[in-house]
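Examining the three-dimensional arrangement
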Amino acid sequence: MVPGSGRPVEHAVVFGQVADVYHRSRPGYPAEAVEWLVGNTPRRVLDLGAGTGKLTAALVAAGHEVVAVEPSAQMLAILRTNVPEVDARNQGGLLDVAL
């Protein structure tokens, strides 16, 4: 809840306000972790709630085709700048993703 308002916090809005700081301060993902998560056979991967693209970039570097979905326009802009070859989508609801 937003203090004093009785309204729920819109996480996409909150993270969007600090997207650049979030991207610069958050560590990336080790290649070993990505391989453990999705294996080493290239596949199509959905990165739902992709943020600024840290995991997306690691997946692409490992040879996977990625569809990145992020509700925050600010976070998505950073993702698109850093991983321009990815199918990056702004999906406000996150639950209705057509692939």
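Refer to the structure above for everything that follows.
Chains are numbered independently. Their residues run from 1 in the order of the written sequence. Under the rules for a predicted model, residues below a pLDDT of 70 receive no local features and side-chain atom pairs below 80 are neither given nor counted, while totals for whole chains, interfaces and linings still include all residues. Here the side-chain values reflect all heavy atoms present in the structure, with hydrogen atoms and water set aside.

A few words now on the nonpolar core. Joining through side-chain atoms within 4.5 Å is the link that ties buried Ala, Val, Leu, Ile, Met, Phe, Trp, Tyr and Cys residues into a set, and such a set is a nonpolar core. For every residue, the accessible area (1.4 Å probe, protein chains only) is compared with the maximum for its type, and the residue is labelled buried under 20%, exposed over 50%, or partly exposed between those bounds. Ranked by size, the top nonpolar core spans 14 residues in total, and within it Val34, Val38, Leu59, Val66, Ala68, Leu79 and Val86 carry the most contacts. Counting from the N terminus, the helices are the DSSP runs of H or I reaching at least four residues and the strands are the DSSP runs of E reaching at least two. If you list the elements that add at least two residues to this core, you get helix H3 (31-38), helix H4 (54-61), strand S2 (65-69) and helix H5 (73-82). Residue contributions to this core peak at 3 residues, all from H4. Only heavy atoms enter the contact rule, under which two residues are in contact if any of them lie within 4.5 Å. When near neighbours in sequence (up to four residues on either side) are disregarded, Val66 contacts Val45, Asp47, Thr56, Leu59, Val60, Val86 and Asp87.

Looking only at H5, the buried set comprises Met75, Leu76, Ile78 and Leu79. The buried residues of H5 occupy an angular sector of 160° when projected down its axis, which confines them to one face. What the arc measures is the spread of directions leading from the helix axis to the C-beta atoms.

Let's shift gears to the environment of Val34. When you line up the elements, Val34 lands in helix H3. For the pair Val34 and Ala61, spaced 27 residues apart in sequence, the C-alpha to C-alpha distance is 9.7 Å. In contact with Val34, not counting residues within four places along its chain, are Tyr29, Gly39, Leu55, Ala58, Leu59 and Ala62.

Here the focus is the pattern of salt bridges. By definition, a salt bridge exists where a carboxyl oxygen of Asp or Glu is found within 4 Å of a side-chain nitrogen of Lys or Arg. Here the structure, examined in full by the defined rule, presents 3 salt bridges. Of the charged contacts, one joins Arg24 and Asp20 as a salt bridge, the two residues approaching to 2.9 Å between their closest N and O atoms. With Arg24 and Asp20 both in helix H2 (residues 19-25), this residue pair falls 4 residues apart, about one helical turn. Looking at Arg24, the relative accessible area reads 57%, which means it is exposed. For Asp20, a relative accessible area of 42% corresponds to the partly exposed category. The residue Glu65 makes a salt bridge to Arg44 at a minimum N-O spacing of 3.4 Å. Here Glu65, found in strand S2, pairs with Arg44, found in strand S1 (residues 44-48); they are 21 residues apart in sequence, far enough to count as distant. With a relative accessible area of 46%, Arg44 lands in the partly exposed category.

These results come straight from atomic positions and should not be treated as a statement about function.
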